[in-house]
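Chain residues, written in single-letter form:
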Amino acid sequence: MSVPAPVPVPAAAQSSAAAQRPGAAEPAPPRPAREGPAAVMLVVGFVLLSLNTRVAFGQLGPLAPVAGFGTGTLTLLGLLPPLCMGLFAPLAATARRRLGEERGLFWASALLLAGAVVRILGLPGLFIGTVLVSIATAVVNVLIPVFVRSRFEPRRVGVMMGVYALSMGVGSALVAALMVPVWEASGHSWRTAIGLAAVPAALAALGIAPQLRHAGRGAGRGAEPGAARTGVPGGAGAVGTGVPGGAGAVGTGVPRSAGTRAGDTRARAGGAGVGKGGDRSGRTGRLDGLAWSLIAFFGLQTLLFYTTLAWLPAILVDAGVAKGTAGGMQSLFILGVAIGGFLTPVLAAARTDQRPHLFGVLLVCALGYAGLLAAPASAPALWAVVLGAGLGGGQAVAGVLYVKRGRDHDHVAALSTVAQTGGYLIAAAGPVTASVLHAVTGTWTAPLFAFVGVLLLSTVASLRAGHDRPAAGPAPVAGA
């Protein structure tokens, strides 16, 4: 009796069947090309987008001592960015859900360009344009960590977050350094100087536009794009690699876990907070200790960043530094932000415990404020760079915390949204409070001591965010 020949089974079916067998190893996802135009365009677009993200916020500091802006104007313009970014950070969740990361970043770049143009139209335009720029930046801030995790492999997260922060600082520093020279060359026209921000804004929109062809491939809808998307070496890799509790690799036939599907449901419902194990209860909206720690750390660091960005030239002028020199120190401060913003996430992402890096950042900030208190006019360039490095590191390392603590793209987006919503609202109080303290005391000593006190609070706030790992098992279903 003859034995029938076996029927060949397609490789894809074998892979799918093997993936569904208990204990079967997950098939390796296909790796995208390590080189090529697509990878180059991704990195170039990411850098151009990053260069533009903080340009508009660094323009007023150098102009403030020479352009004749009143204290009330400067205070309001310092208040608007963190306030609007806090209020509109949840908009990023809607943009991601409906558009995906790529389209969300593109339309945010377009809005930022429109805001940069509106800022040229006199003082009312400066206020309205600043609001538009801040709304666009709020969306970019939230989407960038998710974009980095979905388009770059896990081992490159720290480097790309560092590139993001470095590019932000370099772009802002270059434009800030040009403010006073352009103001002088244009016959003391602050509108012309402010208009420079439209150039990097246009480049950002053009740079991110090619990524629109990757939109709608699972992004923003709970799916981990994995290697199915085009990225730099390795793309996103097999999702879950290096991140406990991650979902299976998309496109490999591996069914996603119930925890991931539950996370998708909560994300589509608009939940941004996190409860026990990193998720939020759909019934209570309860935030856990990790979420509060991220809010407090990011909020206090951002309060110091935007307050210093708004008032550093005024602090130095009151200490006896020439107005033109004080404006130049703002550029050095932003350059320090770029340096600290690059180094800190690169170092922090290589570890599972980021507390030493957070404490290091706070120590550098304390050194900078101590210098401004003890001898502000003796070495203003040194204090500006040191302070910038510390505050830049604090701003950039937050993105690493979201990625390290999050289990999947939805969870990273949720942590980023809730931390930035609460954090920026906390930060909005900084410029106004510093202005009031200066007006009441007549010096900048009281505000600077208050900054040191904020650093102490930030030290305590960072403890949980710096080491609390996400749960490795499936997340509980909301309402279960």
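Residues numbered from 1 in each chain as written. Predicted model: local features only at pLDDT ≥ 70, side-chain atom pairs only at ≥ 80, totals over all residues. Heavy atoms only, no water.

Trainee: Whenever I open this one, the overall build of the protein chain confuses me. Can you help?
Mentor: Within the protein chain, the secondary structure is distributed over 17 helices and zero strands. Burial analysis of the protein chain (480 residues in total) assigns 55% to the buried set. Across the protein chain, the fraction of contacts at a sequence separation of at least 24, relative to all contacts at a separation of at least 6, is 81%. Total accessible area computed for the protein chain in this model is approximately 18,300 Å², and 69% of it derives from carbon and sulfur atoms. (Helix = DSSP H or I, 4+ residues; strand = E, 2+ residues; numbered from the N terminus. Buried < 20%, exposed > 50% of the residue type's maximum accessible area, 1.4 Å probe, protein only. Contact = heavy atoms within 4.5 Å. Areas by Shrake-Rupley, 256 points an atom, 1.4 Å probe, with all protein chains shown as cover.)

Trainee: How do you make sense of the nonpolar core when you look at a structure like this?
Mentor: The nonpolar side chains of a soluble globular protein tend to be buried with one another. Among the nonpolar cores identified, the biggest contains 108 residues, and Ile144, Phe333 and Tyr369 are the most heavily contacted of them. With 15 residues, helix α11 (residues 289–318) is the largest single contributor of residues to this core. (Core = buried A, V, L, I, M, F, W, Y, C linked by side-chain atoms within 4.5 Å.)

Trainee: Hey, could you run me through empty space enclosed by the protein in this one?
Mentor: If a probe the size of a water molecule is rolled over the atoms, the empty space left behind becomes visible. Enumeration according to the criterion identifies four cavities of 30 Å³ or more in this entry. For the second largest cavity, the calculated volume is near 200 Å³. Mapped onto the lining of the second largest cavity, the elements with two or more residues apiece are α3 (60–67), α4 (71–88) and α11. Residues belonging to the lining of the second largest cavity are distributed by class as follows: eleven nonpolar, three polar and one charged. (1 Å grid on protein atoms, 1.4 Å probe; cavity = no way out; pocket = protein on both sides within 12 Å on 5 of 7 lines; lining within 4 Å. Points joined across faces, edges and corners; volume = space filled by probe spheres on them. Nonpolar A, V, L, I, M, F, W, Y, C, P; charged D, E, K, R; others polar.)

Trainee: What's the story with the confidence of the model for the protein chain in this structure? I'm lost.
Mentor: Confidence in the prediction for the protein chain averages 76 pLDDT; 75% of positions are at 70 or higher. For the protein chain, the element scoring lowest by mean pLDDT is helix α10 (residues 258–268), at 39; helix α13 (residues 355–374) scores highest, at 94. Taken as a whole, residues 9–34 scores under 50 in pLDDT and shows 29 contacts with residues more than four places along the chain or in a different chain. Across residues 470–480, where pLDDT falls below 50, the model places 23 contacts with residues more than four positions away in sequence or in other chains. (pLDDT = per-residue confidence, 0-100.)

Trainee: Explain helix α15 (residues 409–427) here, please?
Mentor: Side chains three or four residues apart in an α-helix point the same way, a direct result of the helix having 3.6 residues per turn. For α15, with 19 residues, the first-to-last C-alpha span of 26 Å sits near the 27 Å given by 1.5 Å per residue. With 17 of its 19 residues buried, α15 lies for the most part within the structure. (Expected span 1.5 Å × (residues − 1).)

Trainee: I would appreciate a short explanation of the packing of aromatic side chains in the present structure.
Mentor: Given two aromatic rings, one states the distance between the centres and the angle between the planes to describe the pair. Enumeration according to the criterion identifies twelve aromatic pairs in this entry. Relative to Phe147, the ring of Phe46 lies with its centre 6.3 Å away and its plane at 10°, an arrangement referred to as stacked. Of this pair, Phe46 sits in helix α2 (residues 37–52) while Phe147 sits in helix α6 (residues 122–151), and the two are 101 residues apart along the sequence. Owing to a relative accessible area of 0%, Phe46 belongs among the buried residues under this scheme. Measuring from centroid to centroid gives 5.8 Å for Phe46 and Phe152, while their planes differ by 65°, and the two rings are edge-to-face. With Phe46 in helix α2 and Phe152 in the loop between α6 and α7 (157–185), this residue pair connects regions lying 106 residues apart in the sequence. (Phe/Tyr/Trp six-rings, centres within 6.5 Å; stacked < 30°, edge-to-face > 60°.)

Trainee: Would you take a moment to explain the pattern of salt bridges for this structure?
Mentor: When the charged atoms of two side chains with opposite charge come close together, those side chains can pair. Enumeration according to the criterion identifies four salt bridges in this entry. When the shortest N-O distance is used, the salt bridge between Glu101 and Arg96 registers 2.7 Å. According to the relative accessible area criterion, Arg96 is buried, its value standing at 6%. A salt bridge links Arg355 to Asp353, with the nearest nitrogen and oxygen atoms 2.6 Å apart. Residue classification places Asp353 among the partly exposed positions, given a relative accessible area of 25%. Salt bridges here are not isolated pairs; linked through shared partners, they connect Arg96, Glu101 and Asp410. (Salt bridge = Lys/Arg side-chain N within 4 Å of Asp/Glu carboxyl O.)

Trainee: What's the story with the packing of helix α5 (residues 91–118) against α6 in this structure? I'm lost.
Mentor: Geometrically, a packed helix pair is captured by the angle between its two axes and the distance between the axes. It is at 7 Å that the axes of α5 and α6 come closest, and there the two elements cross at 145°. Crossing of α5 against α6: the hand is left-handed. For the contact of α5 with α6, the residue count by class is 23 nonpolar, six polar and four charged. (Axes fitted to C-alpha atoms, helices over the stretch in contact; angles between N-to-C directions. Left-handed = near helix turned anticlockwise from the far one by under 90°.)

Trainee: Can you help me understand the side chain of Arg54 in this one?
Mentor: With respect to the helices and strands, Arg54 occurs in the loop between α2 and α3. If we ignore the near neighbours within four places in the chain, the residues touching Arg54 are Thr137, Asn141, Met168, Ser172, Tyr306, Gln395 and Tyr424.

Trainee: Any chance you could explain the packing of helix α16 (residues 429–441) against helix α17 (residues 445–465) here in plain terms?
Mentor: Taken N-terminus to C-terminus, the directions of α16 and α17 make an angle of 140°; their axes are 7 Å apart at the nearest point. As the angle between them shows, α16 and α17 are arranged oblique. Residues Ala434, Leu437, His438 and Thr441 of α16 pack against Ala446, Pro447, Ala450 and Phe451 of α17. Across the contact of α16 with α17, the residue classes break down as six nonpolar, two polar and no charged. (Parallel < 35°, antiparallel > 145°, perpendicular 65-115°, else oblique.)

Trainee: Sorry, what's going on with α16 here?
Mentor: Across its 13 residues, α16 extends 18 Å between first and last C-alpha, which sits within 8% of the 18 Å expected from 1.5 Å per residue. Those residues of α16 not exposed but buried are Gly430, Pro431, Ala434 and Ser435. For α16, the angular spread of the buried residues around the axis is 130°, confining them to a single face. What points out from α16, more than 90 degrees from its buried face, is the exposed set Ala439 and Val440. On its buried side, α16 packs onto α4, α11, α15 and α17. Just downstream of α16, Gly442 is the residue with a positive phi angle, here 80°. (Arc of directions from axis to C-beta.)

Trainee: Help me understand the side chain of Lys404, please; the structure alone is not making it clear to me.
Mentor: Structurally, Lys404 is set in helix α14 (residues 380–405). A polar atom in the side chain of Lys404 sits 2.9 Å from the backbone oxygen of Ala349. (Polar contact = N/O pair within 3.5 Å; in protein donor to acceptor, adjacent residues only side chain to side chain.)

Trainee: For this particular structure, what's the right way to read the environment of Leu143?
Mentor: Positionally, Leu143 belongs in helix α6. According to the relative accessible area criterion, Leu143 is buried, its value standing at 1%. Spatially, the C-alpha atom of Leu143 lies 9.4 Å from that of Val412, the residues being 269 residues apart in sequence. Ignoring sequence-local partners within four residues, the contact set of Leu143 consists of Ala92, Arg96, Glu101, Gly104 and Leu105.

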